[in-house]
Amino acid sequence: MDTNNDPSTRLYRQVDKFVQKIEKAINGQYSAIQCYAKLANMAPTKKEKAKILEIRSDEVRHYQRFTQLYIHLTGKQPSLKKPEECPNTYVEGLKYALEDEQNTVDFYLDIMEKSMDPYIKEVFRRAAADEQNHAVWFLYFLVTNKG
Ligand SMILES: [Fe+2]
Ligand SMILES: [Fe+2]
């Protein structure tokens, strides 16, 4: 018997791929949390700094939700990679964040579409909506700081 076509093997592989995507999402959040702390410290006004910290707390919430989901699905802790370095200047940091947020919207919607579980779908739908909102804020800061 060819085990590659065995339905349970196929299902196992799909679940495995899905779990890997969630782990990637967790690592993305982990990087964003470090990066936005750095970005908030470079913000030119108190108002902007506060907004970036608010965005950062959304990322912390996503990170916690995805981690709970991962533990629920696998029974183990996700493995965390060294966070990606984010740029050292404010404007470059904003560009980086804007691009990352936009890519993340697509990535979450993809996870949402591939999941059969209504709870998982809802978690990623809401997270994607948050990232969309973050992207608009970063675009606004970029336009007003480009000078
Ligand atoms: Fe996020
Ligand atoms: Fe975000």
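No experiment lies behind these values; they were computed from the predicted model shown.

Definitions and cut-offs
Residues numbered from 1 in each chain as written. Chains lettered and ligands numbered in written order. Predicted model: local features only at pLDDT ≥ 70, side-chain atom pairs only at ≥ 80, totals over all residues. Helix = DSSP H or I, 4+ residues; strand = E, 2+ residues; numbered from the N terminus. Buried ≥ 20, exposed ≤ 12 C-beta atoms within 10 Å, placed from the backbone. Contact = placed C-beta atoms within 7 Å. UniProt positions renumbered as here; feature names shortened; annotations may be inferred. Expected span 1.5 Å × (residues − 1). Core = buried A, V, L, I, M, F, W, Y, C linked by C-beta atoms within 7 Å. Axes fitted to C-alpha atoms, helices over the stretch in contact; angles between N-to-C directions. Parallel < 35°, antiparallel > 145°, perpendicular 65-115°, else oblique. Left-handed = near helix turned anticlockwise from the far one by under 90°. Nonpolar A, V, L, I, M, F, W, Y, C, P; charged D, E, K, R; others polar.

J.: Now, about the overall build of the protein chain: what can you tell me, with residues and values included?
T.: Along its length, the protein chain carries four helices and zero strands. Listed by position from the N terminus, the elements making up the protein chain come as α-α-α-α. Along the first, second and third principal axes, the C-alpha set of the protein chain runs to 65 × 25 × 25 Å. Per-residue burial over the protein chain gives 22% buried out of 147 residues. Long-range contacts, defined as pairs at least 24 residues apart, comprise 70% of the intrachain contacts of the protein chain with a sequence gap of at least 6.

J.: Any chance you could break down the UniProt feature "domain: Rubrerythrin diiron-binding" (unreviewed entry) in the protein chain for me, citing the residues and the numbers?
T.: Feature annotation in UniProt assigns "domain: Rubrerythrin diiron-binding" (unreviewed entry) to the following positions: residues 93-142. Taken end to end, residues 93-142 is 94% helix and 0% strand, and its two terminal C-alpha atoms sit 9 Å from one another.

J.: I'd love a proper account of helix 2 (residues 46-74), names of residues and values included.
T.: The terminal C-alpha atoms of helix 2, which comprises 29 residues, lie 42 Å apart, in line with the 42 Å expected from a rise of 1.5 Å per residue. Each element contacted by the buried residues of helix 2 is listed here: helix 1 (7-42) and helix 4 (118-145). Just downstream of helix 2 lies glycine 75, where phi reads positive at about 75 degrees.

J.: Describe the nonpolar core, with residues and values.
T.: Counting residues in each nonpolar core, the largest one holds 11 residues, listed as Ile22, Ala25, Ile26, Tyr30, Phe66, Leu69, Tyr108, Ile111, Val123, Phe124 and Ala127. Elements represented by at least two residues in this core include exactly helix 1, helix 2, helix 3 (90-114) and helix 4. Not counting residues within four places of it along the chain, the set of residues in contact with isoleucine 22 comprises Phe66, Leu69 and Tyr70.

J.: Any details on the packing of helix 1 against helix 2? Residues and values, ideally.
T.: How two helices pack is summed up by the angle between their axes together with the distance between the axes. It is at 9 Å that the axes of helix 1 and helix 2 come closest, and there the two elements cross at 155 degrees. Considered as vectors, helix 1 and helix 2 are oriented roughly antiparallel to each other. Like other packed secondary-structure pairs, helix 1 and helix 2 cross with a definite hand, here left-handed. Grouping the constituent residues of the contact of helix 1 with helix 2 by class yields 20 nonpolar, four polar and four charged.

J.: Quick one: what's the story with the environment of valine 60, residue by residue and with numbers?
T.: Counting through the fold element by element, valine 60 comes out in helix 2. What makes valine 60 partly exposed here is the crowd of 14 C-beta atoms within 10 Å. In this structure the C-alpha to C-alpha distance between valine 60 and glutamine 20, which are 40 residues apart in sequence, comes to 20 Å.

J.: Run through helix 3, naming residues and quoting values.
T.: Under the 1.5 Å per step criterion, the end-to-end length of helix 3 is 36 Å for 25 residues, consistent within 8% with the ideal 36 Å. Of the residues making up helix 3, those classed as buried are Gly93, Leu94, Ala97, Asp100, Glu101, Thr104, Tyr108 and Ile111. Where helix 3 is buried, its residues touch helix 1 and helix 4.

J.: I'd like to hear about the packing of helix 2 against helix 4, residue by residue, with values.
T.: Where helix 2 meets helix 4, the closest approach of the two axes is 11 Å, and the angle between their N-to-C directions is 160 degrees. Taken together, the axes of helix 2 and helix 4 lie roughly antiparallel to each other. Note on packing geometry: the crossing formed by helix 2 with helix 4 is left-handed. Contact with helix 2, carried on its side by Glu48, Lys51, Ile55, Asp58, His62, Arg65 and Leu69, involves Ile120, Val123, Ala127, Asp130, His134, Trp137 and Phe141 of helix 4 and no other residues of that element. Class assignment of the residues belonging to the contact of helix 2 with helix 4 gives a composition of seven nonpolar, two polar and five charged.

J.: Got a sec to walk through the environment of glutamine 77? Specific residues and values, please.
T.: Along the chain, glutamine 77 falls in the loop between helix 2 and helix 3. Separated by 10 residues in sequence, glutamine 77 and threonine 67 have C-alpha atoms that sit 7.5 Å apart.

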